[in-house]
Amino acid sequence: MKDMIVEINKLDDDVGLGRITQETANKTAASLIDDPRYNQVKLKKQIDERDHEILLRDKSRFNDTEYNIQLKDMIVEINKLNDDVELGRITQETANKTVASLIDDPRYNQVKLKKQIVEREHEILLRNERPPLPNCTASLTNSLLNPIGLSNTIYYYPYVGEMRVYSDGWGVGYAEAIKHEATTSDPDQYVRVAARVEGAGSYYADGYMFSYTSTQQPPSGNANVGVDFDWIGGCVFPDDCTIDFVLWELVEVGPLEYQWVKAGEDQDVVSLTGITSAIDDPSDASGSFSNYMDGNILLYCFALEVHTNASCIGSASSANFGFADITRTSRVKWNQGRIIY
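Notes on the structure follow. (Residues numbered from 1 in each chain as written. Predicted model: local features only at pLDDT ≥ 70, side-chain atom pairs only at ≥ 80, totals over all residues. Heavy atoms only, no water.)

## A few points about the overall build of the chain
And then number 1: Along its length, the chain carries 7 helices and 12 strands.
And then number 2: Judged by the C-alpha coordinates and their principal axes, the chain covers about 80 × 50 × 30 Å.
And then number 3: Of all 341 residues assigned to the chain, the portion counted as buried reaches 44%.
And then number 4: Of all intrachain contacts in the chain linking residues separated by at least 6 positions in sequence, the fraction that spans at least 24 positions is 79%.
And then number 5: Put simply, the chain shows about 17,400 Å² of open surface, and 50% of that area lies on carbon and sulfur atoms.
And then number 6: For the chain, the distance from the average site of its 32 positive side-chain charges to the average site of its 52 negative ones is 4 Å. (Helix = DSSP H or I, 4+ residues; strand = E, 2+ residues; numbered from the N terminus. Buried < 20%, exposed > 50% of the residue type's maximum accessible area, 1.4 Å probe, protein only. Contact = heavy atoms within 4.5 Å. Areas by Shrake-Rupley, 256 points an atom, 1.4 Å probe, with all protein chains shown as cover. Lys, Arg positive; Asp, Glu negative; His and termini not counted. Charge placed at Lys NZ, Arg CZ, Asp CG, Glu CD.)

Given below as structure tokens:
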């Protein structure tokens, strides 16, 4: 994607210098999507188009009233299987196989359809989430407050410019998705995202914290780029309970048109699996990687991505970076972004 944008910008420059006409530039730019060099860009475009088409079709076939009736019947059937195991009428293995097959039973076609809709919407969201484009006011404010250079070779970014949270699901369960921006009484910046399912279903919650380098851009050179944060959480056999760090760079794709391109990432900085008990005290964590920082890039953005996803048929599952209980409130708190040369 980055190479394609560079090529498009060169075409625009050539038009401006009178080397080619605008018509020639437009035709060349339009043909780039079929260039073998950009096969992954084309593939992503095709996947997005296909998923949106399928999503519209599935939503047109979905009936919420019938879904709720079927879900209730499915839970009754699962509970009866569990009773039969306790009474010795069937084995646990037989019950597990029967429960796993229920999602494909025609009697529960609306439950399966809801499952497909939620999963596809989530896939589209994860694949296409990008930092918000900061407006001029937000960018100026962030640039004055955010980077504090402790020396000529270290830059710190202690403030979050934007936050986003998402949640959804199907079946018997719930999700938590809360963002907390700094206030005078509570200066911490954090997200609380968590999901839990019991019996049958799948729920997810995702949280994103974005910190911009703004007008004080780091200079060109090789650097270690990282984020520091702390977290409280736990899980019970989750599908996903992870925290990732991503660095984005903003590039111009046309006159007053901009796009975020991924510069690098450190996946699974925190990854909880199996049964992980939540603790009372926050755990410190850091994610980082080596990256060449280009002083000509318009803007960089640190992104801390928190993902929770829990699903089950016949048992229970949870992914927790957000539930509150008697002794603790789980959350992921931003401490700082940093660039070290």
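From this point, things continue past the structure.
## Looking at a negative patch on the surface
And then number 1: Taken together, the side chains of Asp12, Asp13, Glu252 and Glu257 define an acidic patch exposed on the protein surface.
And then number 2: Positionally, Asp12 belongs in helix H1 (residues 2–16). (Patch = residues over 30% accessible without salt bridge, like charges linked within 9 Å, V, L, I, M, F, W, Y side chains within 5 Å. Salt bridge = Lys/Arg side-chain N within 4 Å of Asp/Glu carboxyl O.)

## Details of the side chain of Arg192
And then number 1: Structurally, Arg192 is set in strand S4 (residues 189–212).
And then number 2: Of the residues examined, Arg192 reaches a relative accessible area of 15% and is grouped as buried.
And then number 3: Only 2.9 Å separates the side chain of Arg192 from the backbone oxygen of Gly322, close enough to count as a polar contact.
And then number 4: Setting aside residues no more than four positions away along its own chain, Arg192 makes contact with Glu176, Ala177, Ile178, Phe321, Gly322, Phe323, Ala324, Thr329, Ser330 and Arg331. (Polar contact = N/O pair within 3.5 Å; in protein donor to acceptor, adjacent residues only side chain to side chain.)

## Here's the deal with a nonpolar patch on the surface
And then number 1: Together, Leu133, Leu256, Tyr258 and Leu298 make up an exposed nonpolar region whose accessible area comes to about 420 Å².
And then number 2: By the secondary structure assignment, Tyr258 is in strand S8 (residues 257–271).

## Here's the deal with the packing of aromatic side chains
And then number 1: Considering all chains together, one arrives at 10 aromatic pairs under this definition.
And then number 2: Relative to Tyr67, the ring of Phe62 has its centre 5.7 Å away and its plane inclined at 55°; by these criteria the two rings are tilted.
And then number 3: Aromatic rings pair up to connect Tyr157, Phe245, Phe289 and Phe302 into one cluster. (Phe/Tyr/Trp six-rings, centres within 6.5 Å; stacked < 30°, edge-to-face > 60°.)

## Re the nonpolar core
And then number 1: In this structure, Phe229, Trp231, Ile243, Phe302, Phe321 and Val332 are the most contacted members of the largest nonpolar core, which totals 37 residues.
And then number 2: Residue assignment for this core shows that the elements contributing at least two residues are strand S2 (154–157), S4, strand S5 (221–232), strand S7 (240–254), S8, strand S10 (283–293), strand S11 (299–321) and strand S12 (331–340).
And then number 3: Those residues in contact with Phe229 that lie beyond four places of it in its chain are Ile243, Val269, Val270, Ser283, Asp284, Ala285, Ser286, Leu304, Val332, Lys333, Trp334 and Asn335.
And then number 4: Counting 17 residues, the second-largest nonpolar core is a separate cluster that includes Ile75, Leu81, Ala95 and Leu125. (Core = buried A, V, L, I, M, F, W, Y, C linked by side-chain atoms within 4.5 Å.)

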